[in-house]
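Reading the structure
Below are the chains, spelled out letter by letter.
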Amino acid sequence: MKIEESSIVETNDYRVIIYPASRPFETKEAKVITEKLFDFLATWAAHGKPLDSSFKIEKNQFIIICVDEEKEMASGCSIDALGKIMREIDEEYNLGLFDRMKASFVENGEVKTLKLLDFKNKIRSEELSKDIEVFDFSKNTYLEFLSNFLLPFNKSWASSIK
């Protein structure tokens, strides 16, 4: 299953796991990450049963893993195995994939990432315009990802910042 050329019927049943990097990938990094994930997902299994899965690098900064859990549920051990390969990638390139205390957004067509506290402070001080679009990494299904991964500020989680 490829996300880019998906044969997926768009339902809420496909699990999505999002790994947001703190910065864009360099060309060489993206190539190695792609190779490692292709190799890993080709053998990814839960209790010996292959998982129908794919991935995509979105905006050259976010790794999106998709698994069809209607065919086989990802188990705790399989999620741990995914976490292990992602930690290896994270450590090799210092990407901050597991740092959830950051905010990523699009300003003037450019993806930017700030520490969450800095993001909030810039919104409060109006140093950062509310005309931005904000990424939401909490999406758990493919349909949510497709429709709500990048939202206008006023429709995003960030709109509650006071």
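Predicted model only: the values in this text are computed from it and were never measured. (Residues numbered from 1 in each chain as written. Predicted model: local features only at pLDDT ≥ 70, side-chain atom pairs only at ≥ 80, totals over all residues. Heavy atoms only, no water.)

Things to note about the overall build of the protein chain
When you go through the protein chain residue by residue, the secondary structure sums to four helices and nine strands. Going residue by residue from the N terminus, the α and β elements of the protein chain occur as β-α-β-β-β-β-α-β-β-α-β-α-β. Here the C-alpha radius of gyration of the protein chain, 16 Å, is about what a compact globule of 162 residues would show, namely 15 Å. Judged by the C-alpha coordinates and their principal axes, the protein chain covers about 55 × 35 × 25 Å. Put simply, the protein chain has 162 residues, and 44% of those count as buried. (Helix = DSSP H or I, 4+ residues; strand = E, 2+ residues; numbered from the N terminus. Rg over C-alpha atoms; globule rule 2.2 N^0.38 Å. Buried < 20%, exposed > 50% of the residue type's maximum accessible area, 1.4 Å probe, protein only.)

Here we look at the confidence of the model for the protein chain
Across the protein chain, pLDDT averages 89, with 92% of residues at or above 70. Here residues 1-10 is a poorly scored stretch, pLDDT under 50, and it has 24 contacts once near neighbours within four places are set aside; other chains count. (pLDDT = per-residue confidence, 0-100. Contact = heavy atoms within 4.5 Å.)

Side note on the pairing of strand β5 (residues 62-68)
Judged by how many residues are buried, β5 sits mostly within the fold: seven of seven residues are covered. Burial along β5 is two-sided: F62, I64, C66 and D68 and I63, I65 and V67, pointing in opposite directions, are all buried. The pairing of strand β4 (residues 53-58) with β5 spans six bridges and is classified as antiparallel. Pairing of K56 across the sheet is with I64, part of β5. (Pairing = 2+ DSSP bridges.)

Structural notes on the sheet that holds strand β7 (residues 110-115)
The four strands are arranged β7-β6-β8-β9 in an open sheet whose pairing can be described as antiparallel. Only two strands of the sheet have a single neighbouring strand rather than two, namely β7 and β9 (150-152). Taken pair by pair, the neighbouring strands of this sheet meet at an average axis angle of 30 degrees, ignoring direction. As defined by bridge partners, strand β8 (residues 133-135) adjoins β9 across three bridges and the pair is classed as antiparallel. (Axes fitted to C-alpha atoms, helices over the stretch in contact; angles between N-to-C directions.)

Some words on the nonpolar core
Taken as a class, soluble globular proteins show a tendency for nonpolar side chains to be buried jointly. Formed by 25 residues in total, the largest nonpolar core has its most connected members in I63, I65, L82, M86 and I89. For this core, the secondary structure elements donating two or more residues are β1 (14-20), α1 (27-43), β5 and α2 (76-93). Residues within four places of L82 in sequence aside, it is in contact with I17, Y19, F40, W44 and I65. In this structure, V16, F62, C66 and F137 belong to the second largest nonpolar core, which totals twelve residues. (Core = buried A, V, L, I, M, F, W, Y, C linked by side-chain atoms within 4.5 Å.)

Regarding the sheet that holds β4
Strand order across the open sheet formed by three strands is β1-β5-β4, with antiparallel pairing between neighbours. Looking along the sheet, the strands with just one partner apiece sit at the ends: β1 and β4. Pairs of neighbouring strands in the sheet enclose a mean axial angle of 20 degrees, with direction left out of account.

So, the environment of P50
Structurally, P50 can be placed in strand β3 (residues 49-50). With relative accessibility at 65%, the residue P50 sits in the exposed group. On a C-alpha basis, the gap between P50 and E26 in space is 31 Å, while along the polypeptide they are 24 residues apart. Contact partners of P50, with chain neighbours within four places excluded, come to W44, A45 and E72.

Regarding the side chain of K102
Residue placement: K102 occurs in strand β6 (residues 102-107). Of note is the side chain of K102, whose polar atom sits 2.7 Å from the backbone oxygen of P20. If we ignore the near neighbours within four places in the chain, the residues touching K102 are P20, A21, S22, L95, G96, L97, T113, L114, K115 and L116. (Polar contact = N/O pair within 3.5 Å; in protein donor to acceptor, adjacent residues only side chain to side chain.)

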